[in-house]
Number of protein chains: 2
Amino acid sequence: MSCYRTDAEALRAAGYRLTPQRLLVLEALYHHPGHATVDEIWARVREQHPYVDLSTVYRSLQFLKEHGLVGEFRPAHGPAQYEAIRRRPHAHAVCRECGTTIEVPVAWLTELVERLADGHRFQAEVDHLSIPGLCERCAAKVH
Amino acid sequence: MSCYRTDAEALRAAGYRLTPQRLLVLEALYHHPGHATVDEIWARVREQHPYVDLSTVYRSLQFLKEHGLVGEFRPAHGPAQYEAIRRRPHAHAVCRECGTTIEVPVAWLTELVERLADGHRFQAEVDHLSIPGLCERCAAKVH
DNA sequence: CTAAGTGCAAAGTATTTGCAGCCAA
DNA sequence: TTGGCTGCAAATACTTTGCACTTAG
């Protein structure tokens, strides 16, 4: 229930259309605690507007992703996962065993970002970064 | 033509079967300069052994991935990409527009890794990390 | 020998697209 | 008013699976 409408309005100001469908998709993402799959988002959207098509959800997510309101994560198996990008940009550390996600401030990545820019003229988008690894719990289990 | 056979032999020693198909898939990956898609690998494999099935390539890649000989990257669009895991671990910066990949030494990530370990007891596996962004070329096009 | 691996065919899952009609700006 | 967006239906792209046969060890 946060201020995603503010971000959304910025899109309208930039000349894009703010359709109910797009707002519903955004709302669904803010409603979900962590990441959500397309099907989960679709289900939530249809609670309020039953005739929204799955393809529209895909297209809205693509749109929102391209405009920086939504982040995408593609796991090795299963469908892509999406999340609303909140005010402060951040990366994620994701446990490869249990999927637990830790929020990582971008400040921890500045060294990397600068080196990529200086050395390769590569503009890293670290707020979309997902760092694989093992959380404390699973690390204990595995070894 | 590097020493992938050494790694492969280790699998046999561990009790797994080293079939010609699996060796061909590994060879194809070592032959490719950067990342390769399943289709590219399949094509290369069939140059030498025309009756290897696509599903076998998928299964071999899965097997090799699970045993740490092959890395997998799933881009937002298009098929998964694979690469042989060479001696020195490294991360990748991947252009979200054209898929161009830059090799990133893990040394550039030590700050991040240490902070995750200290602050969250999270064991980051940075040799599987893929950093999204825009390469020099695409950054020029987009803006 | 024999369980693990393969080829083949078919199905399954995830995602994209063409097009006619609709509606936000 | 009109070009961007949507719903619908269908196609496509990618990956997995069941089963009978083969083969590495």
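Here the structure is shown first, and the text comes after it.
Residues numbered from 1 in each chain as written. Chains lettered and ligands numbered in written order. Predicted model: local features only at pLDDT ≥ 70, side-chain atom pairs only at ≥ 80, totals over all residues. Heavy atoms only, no water.

### Here's the deal with the sheet that holds strand S3 (residues 81-84) of chain B
Residue and element names in this part refer to chain B. Read across the sheet, three strands follow the order S1-S3-S2 without closing on themselves; strand pairing throughout is antiparallel. A strand with exactly one partner marks an edge of an open sheet, and here the two such strands are strand S1 (36-37) and strand S2 (70-73). Of the strand pairs in this sheet, S1 and S3 are connected by two bridges, and their pairing is antiparallel. Residue pairing across strands places Ala36 opposite Tyr82, the latter belonging to S3. (Pairing = 2+ DSSP bridges. Helix = DSSP H or I, 4+ residues; strand = E, 2+ residues; numbered from the N terminus.)

### Regarding the protein's contact with DNA strand C
Surrounding DNA strand C, one finds 21 residues, the nearest of these being Arg12 and Tyr58 of chain A together with Thr19, Gln21 and Thr56 of chain B. Restricting the count to atoms of DNA strand C within 4 Å of the protein gives a sugar and phosphate share of 66%. Arg12 of chain A is positioned such that a nitrogen or oxygen atom in its side chain is 2.6 Å from a phosphate oxygen of DNA strand C. Within the side chain of Arg17 of chain B, one N or O atom sits 2.9 Å away from a base nitrogen of DNA strand C. Sorting the residues of the surface near DNA strand C by element identifies helix H4 (54-66) of chain A together with helix H2 (20-31) and helix H4 (54-66) of chain B as the ones contributing at least two each. Per-element accounting of the surface near DNA strand C gives the leading share, four residues, to H4 of chain A. The class makeup of the residues in the surface near DNA strand C is seven nonpolar, six polar and eight charged. (Near = heavy atom within 4 Å. Polar contact = N/O pair within 3.5 Å; in protein donor to acceptor, adjacent residues only side chain to side chain. Nonpolar A, V, L, I, M, F, W, Y, C, P; charged D, E, K, R; others polar.)

### What about the environment of Thr101 of chain A?
All names here are of chain A. Considering the arrangement of structural elements, one finds Thr101 in strand S5 (residues 101-105). With relative accessibility at 32%, the residue Thr101 sits in the partly exposed group. Residues Thr101 and His32 lie 69 residues apart in sequence; the distance between their C-alpha atoms is 14 Å. (Buried < 20%, exposed > 50% of the residue type's maximum accessible area, 1.4 Å probe, protein only.)

### Details of the relation of the copies chain B and chain A
Structural alignment of chain B on chain A gives an RMSD of 1.3 Å, achieved by rotating through 179° and translating 0.3 Å along the axis. Viewed as a symmetry operation, the transformation between the two copies matches a two-fold axis. Take the interface residues of chain B: 100% of them recur as interface residues in chain A, which is what a same-surface contact looks like. (Least-squares fit on C-alpha atoms with pLDDT ≥ 70 in both. Contact = heavy atoms within 4.5 Å.)

### Comments concerning the packing of H2 of chain B against H4 of chain B
All names here are of chain B. Axis separation between H2 and H4 bottoms out at 9 Å; the angle between their running directions is 75°. Taken together, the axis directions place H2 and H4 in an arrangement best described as roughly perpendicular. Counting all contacts with H2, which are made through Gln21, Arg22, Val25, Leu26 and Leu29, the residues of H4 involved are Thr56, Val57, Ser60, Leu61, Phe63 and Leu64. In the contact of H2 with H4, the residues fall into seven nonpolar, three polar and one charged. (Axes fitted to C-alpha atoms, helices over the stretch in contact; angles between N-to-C directions. Parallel < 35°, antiparallel > 145°, perpendicular 65-115°, else oblique.)

### Things to note about the sheet that holds strand S1 (residues 36-37) of chain A
Residue and element names in this part refer to chain A. Pairing is antiparallel in the open sheet, where three strands are placed in the order S1-S3-S2. Lying at the two open borders of the sheet, with one neighbouring strand each, are S1 and strand S2 (70-73). The strands touched by helix H2 (residues 20-31) within the sheet are S2 and strand S3 (81-84), with S3 carrying the most contacts at an inclination of about 90°.

### Some thoughts on the nonpolar core
Among the nonpolar cores identified, the biggest contains 35 residues, and Leu116 and Ile131 of chain A together with Leu116 and Ile131 of chain B are the most heavily contacted of them. When neighbours within four sequence positions are excluded, Leu116 of chain B is seen to be in contact with Ala93, Val104, Trp108 and Ile131 of chain A together with Arg121, Phe122 and Ala124 of chain B. (Core = buried A, V, L, I, M, F, W, Y, C linked by side-chain atoms within 4.5 Å.)

### Let's talk about the protein's contact with DNA strand D
Taken together, 22 residues lie around DNA strand D, and Arg17, Gln21 and Thr56 of chain A together with Arg12 and Tyr58 of chain B are the ones closest in. Each atom of DNA strand D within 4 Å of the protein was assigned to sugar, phosphate or base; sugar and phosphate come to 66%. Between DNA strand D and Ser55 of chain A there is a distance of 3.3 Å, counted from a base nitrogen to a side-chain nitrogen or oxygen. Pro79 of chain B is positioned with one of its backbone polar atoms (N or O) 3.4 Å from a phosphate oxygen of DNA strand D. Looking at the surface near DNA strand D, the elements that each hand over two or more residues are H2 and H4 of chain A together with H4 of chain B. Top element by residues in the surface near DNA strand D is H4 of chain B. It accounts for four residues.

### Describing the interface of chain B and chain A
Listed as interface residues are 38 residues of chain B and, on the opposing side, 38 residues of chain A. Interface of chain B and chain A: buried area, both sides summed, is about 3,300 Å²; carbon and sulfur atoms make up 63% of it. Counting across the interface, chain B meets chain A through zero salt bridges. Linking chain B with chain A are nine residue pairs in polar contact (both at pLDDT 80 or more). For the side of chain B that touches chain A, the elements supplying multiple residues, two or more each, are H4, strand S4 (90-95), strand S5 (101-105), helix H5 (110-120), strand S6 (123-124), strand S7 (130-134) and helix H6 (136-142) of chain B. Classifying every residue of the side of chain B that touches chain A gives 20 nonpolar, eight polar and ten charged. (Buried area = accessible area lost by both parts, 1.4 Å probe. Salt bridge = Lys/Arg side-chain N within 4 Å of Asp/Glu carboxyl O.)

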